[in-house]
Amino acid sequence: MKHRLDYAQAAPAGYSALGSVHRYIHGCGLEKELIDLVYLRVSQLNGCAYCLDSHSRDLLKQGIDLEKLMLVAAWHEASPLFTPRECAALAWAEVVTQVAQTQVPDADYTRVSALFNDKEVADLTLAIALMNALNRVAISFRKVPAAVKAHRVNQDHE
């Protein structure tokens, strides 16, 4: 994978605007681990290697159990490892990310609304939308994951 362009340098005002949304999300009151779990799940659905690497690292730094991290993609089957709020947020992340297929059913909205207040649902949805946007930018411009960069450095030193 060859990095195509540095979008932060090419469009600094646009990148800064996305950064403002990111800062808002991390200060909105939602739990940091929950936000990062949602970011990770969205990135899994979109196949964004850069974001998968980044959010996995963030969650590990926060002290998430490795078993929980490994099972985010199959959280439905591993639901005892996740809180009810995390399950609701992950389900919401899936239907919102796949909006063209799901049309975000009322049942899913009812489920997330039972565990999150209106502001939290709005903030959670903004977080999902932001990660979908960032995934599309990173994939389009072939942003290289830290693990791939490290591997290349290690190979160069062998």
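These remarks concern the structure in this document. (Residues numbered from 1 in each chain as written. Predicted model: local features only at pLDDT ≥ 70, side-chain atom pairs only at ≥ 80, totals over all residues. Heavy atoms only, no water.)

Our next topic: the layout of surface pockets. Reported here for the largest pocket is a volume of approximately 410 Å³. Contributing to the lining of the largest pocket are 20 residues, with Tyr7, Tyr15, His22, Tyr50 and Leu134 lying nearest its centre. Contributions of two or more residues to the lining of the largest pocket are made by helix H1 (7-10), helix H2 (12-27), helix H3 (32-46), helix H4 (49-61) and helix H9 (118-140). Grouping the constituent residues of the lining of the largest pocket by class yields nine nonpolar, six polar and five charged. (1 Å grid on protein atoms, 1.4 Å probe; cavity = no way out; pocket = protein on both sides within 12 Å on 5 of 7 lines; lining within 4 Å. Points joined across faces, edges and corners; volume = space filled by probe spheres on them. Helix = DSSP H or I, 4+ residues; strand = E, 2+ residues; numbered from the N terminus. Nonpolar A, V, L, I, M, F, W, Y, C, P; charged D, E, K, R; others polar.)

Right, let's get into the side chain of Glu94. For Glu94, the position within the fold is in helix H6 (residues 84-97). The contacts of Glu94, once residues within four sequence positions are left out, are Arg41, Leu45, Trp75 and His76. (Contact = heavy atoms within 4.5 Å.)

When the terminal C-alpha atoms of H6 are compared, their 20 Å separation across 14 residues agrees well with the 20 Å that a helix rising 1.5 Å per residue should span. For H6, the tally of buried residues reaches twelve of 14 residues, placing the bulk of the element in the interior. Those residues of H6 that fall on the buried side of the exposure criterion are Glu86, Cys87, Ala88, Ala89, Leu90, Ala91, Trp92, Ala93, Glu94, Val95, Val96 and Thr97. Looking at the packing, one finds that the buried side of H6 touches H3, helix H5 (66-70), helix H7 (99-102), helix H8 (106-115) and H9. (Expected span 1.5 Å × (residues − 1). Buried < 20%, exposed > 50% of the residue type's maximum accessible area, 1.4 Å probe, protein only.)

The next subject is unusual backbone geometry. With phi around 60°, Gln103 is a residue other than glycine that occupies positive phi space. Note on placement: Gln103 falls in the loop between H7 and H8. Accessibility expressed as a relative area gives 58% for Gln103, which makes it exposed. Although it is not a glycine, Arg142 adopts a positive phi angle of roughly 55°. Structurally, Arg142 is set in the loop between H9 and helix H10 (146-156). In this structure Arg142 comes out as partly exposed when scored by relative accessible area, which is 31%.

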